[in-house]
Structure formats: structure tokens, C-alpha cells
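Given next are the chains, with one letter for each unit.
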Amino acid sequence: MPQVGLIMGSASDWPVLKKAAETLDALKISYEVKVVSAHRTPDRAFAYARGAEGRGLKLIIAAAGGAAHLAGVMAGLTHLPVLGVPMESKALKGMDSLLSTVQMPGGIPVATFAIGEAGAKNAALFAAAMLALSDAELNQRLKDWRQKQTDSVPESPEG
Ligand SMILES: Nc1c(C(=O)O)ncn1[C@@H]1O[C@H](COP(=O)(O)O)[C@@H](O)[C@H]1O
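Cut-offs used in this document
- Residues numbered from 1 in each chain as written.
- Predicted model: local features only at pLDDT ≥ 70, side-chain atom pairs only at ≥ 80, totals over all residues.
- UniProt positions renumbered as here; feature names shortened; annotations may be inferred.
- Pairing = 2+ DSSP bridges.
- Helix = DSSP H or I, 4+ residues; strand = E, 2+ residues; numbered from the N terminus.
- Right-handed = clockwise from strand over helix to strand, strands pointing away.
- Near = placed C-beta within 6 Å.
- Nonpolar A, V, L, I, M, F, W, Y, C, P; charged D, E, K, R; others polar.

By the naming in an unreviewed UniProt entry, the protein chain goes by N5-carboxyaminoimidazole ribonucleotide mutase and is assigned to Rhizomicrobium electricum. Of the protein chain, the UniProt comment under Function (unreviewed entry) reads exactly: "Catalyzes the conversion of N5-carboxyaminoimidazole ribonucleotide (N5-CAIR) to 4-carboxy-5-aminoimidazole ribonucleotide (CAIR)." If you open the UniProt record of the protein chain and go to Pathway (unreviewed entry), you find "Purine metabolism; IMP biosynthesis via de novo pathway; 5-amino-1-(5-phospho-D-ribosyl)imidazole-4-carboxylate from 5-amino-1-(5-phospho-D-ribosyl)imidazole (N5-CAIR route): step 2/2."

Here you go:
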């Protein structure tokens, strides 16, 4: 049973959200990937959020762009942690996605990350950090991952 639900408003978000999937892969965290849109597939969105806890998901990473309501709608329907990743949009460069993901009313939290690939990657790392609180082996893998990242940064700008 996957621990993380990785969902996106449209298949067009997948090239960016893939960064989260790659990071979860690197840390050996199980996940499922689905296109779920609060706007275009509201029944699927409702069923997904309502069924998430029962199916064993521990948290949901939701990516959406433009009028990005997906993460907020998920958060309204389940108390599982929802991590929102705003997608870059053509018209407003993702500012619309960022604001509509982050500006939740009190009582319904969405942990909102940076726009685009960095946000996708960091959402996966944050998910890993939460899961590592109750998983000693994952905790060690996460520490190793961070150390590898540190080791890969050269002191000289010329490498
Ligand atoms: N923001 C949402 C939601 C939602 O919030 O439910 N559903 C789709 N979308 C977004 O619409 C953008 C354009 O989608 P298309 O590329 O399919 O036209 C995508 O970034 C998607 O996340």
C-alpha cells in the first residue's frame, strides 16, 4: 500500500511533479500517481480524498496550476497532511497558483511549497521528513541523502 498520494490537476503537470516522484524513489518511499482535478473531475477528487486514510495513505502531495484549488479541496475533505505544490502557469508565471494554494482559511491547512520543480522536490523531502519521524530506516536514508547532497557541493565555483 503506497504511503504517499501524488496527485495533479492535469497530466500537463506531470513533467514538473516528476521531480517529487524521483525524490520519493531515491528515498524508497512508496507512492501512487493520479490525475485528480477538483474542477474537471470533482467526483474523483471527492472519492480520492475521502478514501485516502482508509487506503493507508499517510499524506497527499497535490500539484495544480492557475486557479489551483486541488490541494485546498483535498485538505477540506481529509485531515491527512496535504502538501501543495503550485505549478507555473503561462499567464501569471505561477503567482496565481501560489496564492490560491497558500491562502487557505484558518482551520484547513495546506503546507505550500515553492512554484515548480523546486517545490515538487521539497514537498517530497518534507513528506520524507514527516514519515521518518516514525521510521528509523527511512530516517537514516534521509540523513544519507542530505549528506550526499552536501558532499556534492564543490567549494570552488569552478568545480
Ligand atoms: N488547478 C487545476 C485543477 C484544480 O485545482 O482542481 N484542475 C486542473 N488544474 C490546472 O489547470 C492547469 C492547466 O491544465 P491543462 O494543461 O490540462 O489545460 C494545470 O496546471 C492544472 O493543474
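(A) Molecular detail of the pairing of strand S2 (residues 31–35). When strand S1 (residues 4–8) meets S2, the two strands line up parallel, connected through five bridges. Within S2, the residue paired with Gly-5 across the bridge is Glu-32. Once you follow S1 into helix H1 (residues 14–26) and on to S2, the crossover reads as right-handed.

(B) Molecular detail of the sheet that holds strand S5 (residues 111–112). Spatially, S2-S1-S3-S4-S5 is the arrangement adopted by the five strands of the open sheet, whose pairing is parallel. Each end of this open sheet is capped by a strand with a single partner; those strands are S2 and S5. Across six bridges, the pairing between strand S3 (residues 59–65) and strand S4 (residues 82–87) is parallel. For Ala-64, the partnering residue across the bridge sits in S4 and is Pro-86.

(C) View of the site of the ligand. Neighbouring the ligand are 17 residues; Gly-9, Ser-10, Ser-12, Ala-38 and Gly-65 lie closest to it. Taken together, the residues of the shell around the ligand sort by class into seven nonpolar, eight polar and two charged.

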